[in-house]
Amino acid sequence: AQEQLLRMNLNDIAPCANVAENEAVFQKLFAHGVLRCEMWLKHREGYPVPVELNGALLPDRSLFCSFRDISERRRAEMALRESEANNQALISAIPDLIFVCTQDGEYLACHASDPALLVAPPEFFLHRKLHDLLPNDVADLLVNAFSVALLSKKVQTVYYTLSLSGRQVCFEARIAFLMGNRVL
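Residues numbered from 1 in each chain as written. Predicted model: local features only at pLDDT ≥ 70, side-chain atom pairs only at ≥ 80, totals over all residues. Heavy atoms only, no water.

1. Observations regarding the pattern of salt bridges
For the structure shown, the criterion picks out 8 salt bridges. Two residues, Arg-36 and Glu-52, come together in a salt bridge whose shortest N-O distance is 3.1 Å. In this pair, Arg-36 is assigned in strand β1 (residues 34-42) and Glu-52 in strand β2 (residues 48-57), connecting sequence segments 16 residues apart. With a relative accessible area of 59%, Arg-36 lands in the exposed category. You can call Glu-52 buried: its relative accessible area is 8%. Across the pair Glu-72 and Arg-75 runs a salt bridge whose closest N-O atoms are separated by 3.1 Å. (Salt bridge = Lys/Arg side-chain N within 4 Å of Asp/Glu carboxyl O. Helix = DSSP H or I, 4+ residues; strand = E, 2+ residues; numbered from the N terminus. Buried < 20%, exposed > 50% of the residue type's maximum accessible area, 1.4 Å probe, protein only.)

The following block contains the structure:
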């Protein structure tokens, strides 16, 4: 297999549609002396394979290149993009307010289908503490529930009322362990 590989040139391992693109990659390698990039090569069974190329131009102007099959990483990245799209669609369909907070009450993220239900715009309260924004009794109630959710890993439910635009609005908060010191 090593002898066969040494007899090959770029056209033998590059999928037909990618020969010019792959030649450009190697021209960059010759021009810059080192290169790390992703490209497509042909598997010995004929199908295209995404690879990571790490190449170096040696003092005698020969090339040293290593190729790493990144098919699994590409599949994982695609699965992650699909999962993120699904999660975003789910969150967009939920009419409730959703917050990600730390155990000590720092707002990390927010989703609000109805911004009128927020005490302030997200740009004002993100990365600030609940105690900076909410009445102390409400902030204490929520932070206590955060701690219980983090310790028990069980959903905690609390009820509270806030004054929004001159009217009293009742809220039900369900607090769930998310990860590390974060709750949802």
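Moving on from the coordinates now.
2. Comments concerning the nonpolar core
Nonpolar side chains in soluble globular proteins tend to end up buried together. Among the nonpolar cores identified, the biggest contains 25 residues, and Leu-130, Leu-134, Leu-142, Phe-146, Tyr-160 and Ile-175 are the most heavily contacted of them. Of all the secondary-structure elements, those providing two or more residues to this core are α6 (130-133), α7 (136-152), β6 (156-164) and β7 (167-175). Per element, the largest residue contribution to this core is 8 residues, and it comes from α7. The contact partners of Ile-175, leaving out residues within four places of it in the chain, are Leu-142, Ala-145, Phe-146, Ala-149, Lys-154, Val-155, Gln-156, Val-158, Val-183 and Leu-184. Judged by nonpolar contacts, the second largest core, of 10 residues, contains Val-25, Cys-37, Leu-41 and Leu-53. (Core = buried A, V, L, I, M, F, W, Y, C linked by side-chain atoms within 4.5 Å. Contact = heavy atoms within 4.5 Å.)

3. Describing the side chain of Glu-52
Here Arg-36 takes part through its side chain, which lies 3.1 Å from a polar atom of the side chain of Glu-52. If we ignore the near neighbours within four places in the chain, the residues touching Glu-52 are Arg-36, Cys-37, Glu-38, Ser-66, Phe-67, Arg-68, Ile-70 and Arg-73. (Polar contact = N/O pair within 3.5 Å; in protein donor to acceptor, adjacent residues only side chain to side chain.)

4. Side note on the pairing of β2
Among the 10 residues in β2, 7 count as buried, and that is most of the element. Pairing geometry for β1 and β2, over 9 bridges, is antiparallel. Its bridge partner being in β2, Leu-35 is matched across the sheet by Gly-55. In terms of strand pairing, β2 meets strand β3 (residues 63-69) through 7 bridges, oriented antiparallel. Within β3, the residue paired with Asn-54 across the bridge is Ser-66. From the end of β2 to the start of β3, which pair antiparallel, there are 5 residues, and Arg-61 there has a positive phi angle of about 70°. (Pairing = 2+ DSSP bridges.)

5. Things to note about the sheet that holds β3
Spatially, β1-β2-β3 is the arrangement adopted by the 3 strands of the open sheet, whose pairing is antiparallel. Where the open sheet ends on each side, the last strands, each with one partner, are β1 and β3. Looking at each pair of strands side by side, their axes are set apart by 30° on average, direction ignored. Sheet strands in contact with helix α4 (residues 71-93) are β1, β2 and β3, and its direction is about 120° off that of β2. (Axes fitted to C-alpha atoms, helices over the stretch in contact; angles between N-to-C directions.)

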